[in-house]
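# Working through the structure, step by step
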Amino acid sequence: LVAHMTMLTGLYPPQHGVTEADRALADSIPLLAERLHAAGYQTIGLYHPVWANARHGFQRGFDVFRSHGEADEAEQHLGEELARLDPARPFFLFLHLFDVHSDPTSRIPPTVFSAPPPFHDFFLPGACARLAGDAYDTLKKHGLPPEKVEAMVALYDDGIRHVDSVLERIFARLESEGLEQALVIVTADHGESLAQRDNWGHGGPWQEGIRVPLIVRLPGSARAGERVREVV
């Protein structure tokens, strides 16, 4: 929630104020979608309804603000919305995916991380079986043996590989529709601590928490392959 609002306002959390689940963005603070909409852009927001809801103000400035479940459904919605665009006008797309995340604690039987076939147990065959009956919240309360840590990391990587495959199809579609000049940015709101230093969850003040992907594809592939090492 906090990081999403920072990305779309360009403000630090104390400035935008959306630091708790019951807070919303002040009307006086513009979102990126509002600025682009005012400049003539078509604006599409496709979001998973966790921490990016309209009640926080995220919907402001979007012509379309549409929720989805998993990444495959997001891909379907994107295809439908692209077909409705006016090709003579520029567009802004905010695509929010939540698949690379711990599974719901209410799932029966319990799981920690999971990905659909063919990415299920993709990196480590039998990883799911090693964690059979374990849930994220219960695992956090206990130290894990190395074989379970190995399985958990592999399952997390399965989810990343699944989302990569969806993004691959989305980017291929954009290119096939003549949108290869689009500016594309891929990033995340935080990393994930997977029992490193016995730490769990959404980061903490360590590299696994604060070093997140930020990939920028400029029009025409300008500066391709360049790596910027400064903190951003």
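Definitions and limits used
- Residues numbered from 1 in each chain as written.
- Predicted model: local features only at pLDDT ≥ 70, side-chain atom pairs only at ≥ 80, totals over all residues.
- Heavy atoms only, no water.
- Helix = DSSP H or I, 4+ residues; strand = E, 2+ residues; numbered from the N terminus.
- Rg over C-alpha atoms; globule rule 2.2 N^0.38 Å.
- Buried < 20%, exposed > 50% of the residue type's maximum accessible area, 1.4 Å probe, protein only.
- Areas by Shrake-Rupley, 256 points an atom, 1.4 Å probe, with all protein chains shown as cover.
- Lys, Arg positive; Asp, Glu negative; His and termini not counted.
- Charge placed at Lys NZ, Arg CZ, Asp CG, Glu CD.
- Contact = heavy atoms within 4.5 Å.
- Axes fitted to C-alpha atoms, helices over the stretch in contact; angles between N-to-C directions.
- Parallel < 35°, antiparallel > 145°, perpendicular 65-115°, else oblique.
- Nonpolar A, V, L, I, M, F, W, Y, C, P; charged D, E, K, R; others polar.
- Phe/Tyr/Trp six-rings, centres within 6.5 Å; stacked < 30°, edge-to-face > 60°.
- Polar contact = N/O pair within 3.5 Å; in protein donor to acceptor, adjacent residues only side chain to side chain.

## A short note on the overall build of the protein
When helices and strands are counted, the protein shows 8 helices and 7 strands. For 232 residues, the compact-globule estimate of 2.2 N^0.38 gives 17 Å, and the protein sits close to it at 19 Å. Expressed as lengths along the three principal axes of its C-alpha atoms, the size of the protein is roughly 55 × 40 × 40 Å. A burial count over the protein gives 35% of its 232 residues as buried. As presented, the protein carries roughly 13500 Å² of accessible surface, and 56% of it is formed by carbon and sulfur atoms. Computing the positive centroid from 21 side-chain charges and the negative centroid from 32, the protein places the two 3 Å apart.

## A closer look at the environment of Met152
The topology assignment puts Met152 in helix 7 (residues 146-176). Those residues within four positions of Met152 in sequence are excluded, and the remaining contacts are Val112, Phe113, Leu131, Leu144, Leu194, Ala195 and Trp200.

## Quick look at the packing of helix 4 (residues 71-84) against helix 7
For any two helices packed against each other, one specifies the inter-axial angle together with the distance between the axes. Closest axis-to-axis distance for the helix 4/helix 7 pair is 10 Å, and the angle between their directions is 10°. Between helix 4 and helix 7, the angle falls in the class roughly parallel. Across the interface between the two elements, Ala71, Asp72, Glu75, Leu78, Gly79 and Leu82 from helix 4 touch His162, Val166, Arg169, Ile170, Arg173 and Leu174 from helix 7. Split into classes, the residues belonging to the contact of helix 4 with helix 7 amount to 6 nonpolar, 2 polar and 4 charged.

## Focus: the packing of aromatic side chains
The geometry of two aromatic rings is summed up by the distance between their centres and the angle between their planes. Applying the stated criterion across every chain, the model contains 7 aromatic pairs. Measuring from centroid to centroid gives 6.1 Å for Phe62 and Phe92, while their planes differ by 20°, and the two rings are stacked. A residue pair is termed long-range when its members are at least 10 positions apart, and Phe62 in the loop between strand 1 (42-47) and strand 2 (64-67) and Phe92 in strand 3 (residues 91-95) qualify at 30 residues. Comparing Phe62 with Phe92, the two get one shared label, buried. Taken together through their ring pairs, the aromatic side chains of Tyr47, Phe62, Phe65, Phe92 and Phe94 make up a single cluster.

## Points about the environment of Arg23
Among the secondary structure elements, Arg23 is positioned in the loop between helix 2 (13-16) and helix 3 (32-38). Residues Arg23 and Gly57 lie 34 residues apart in sequence; the distance between their C-alpha atoms is 9.2 Å. With residues near it in sequence (within four places) discarded, Arg23 still touches Gly17, Val18 and His56. At a separation of 3.1 Å, a polar atom in the side chain of Arg23 contacts the side chain of Thr19.

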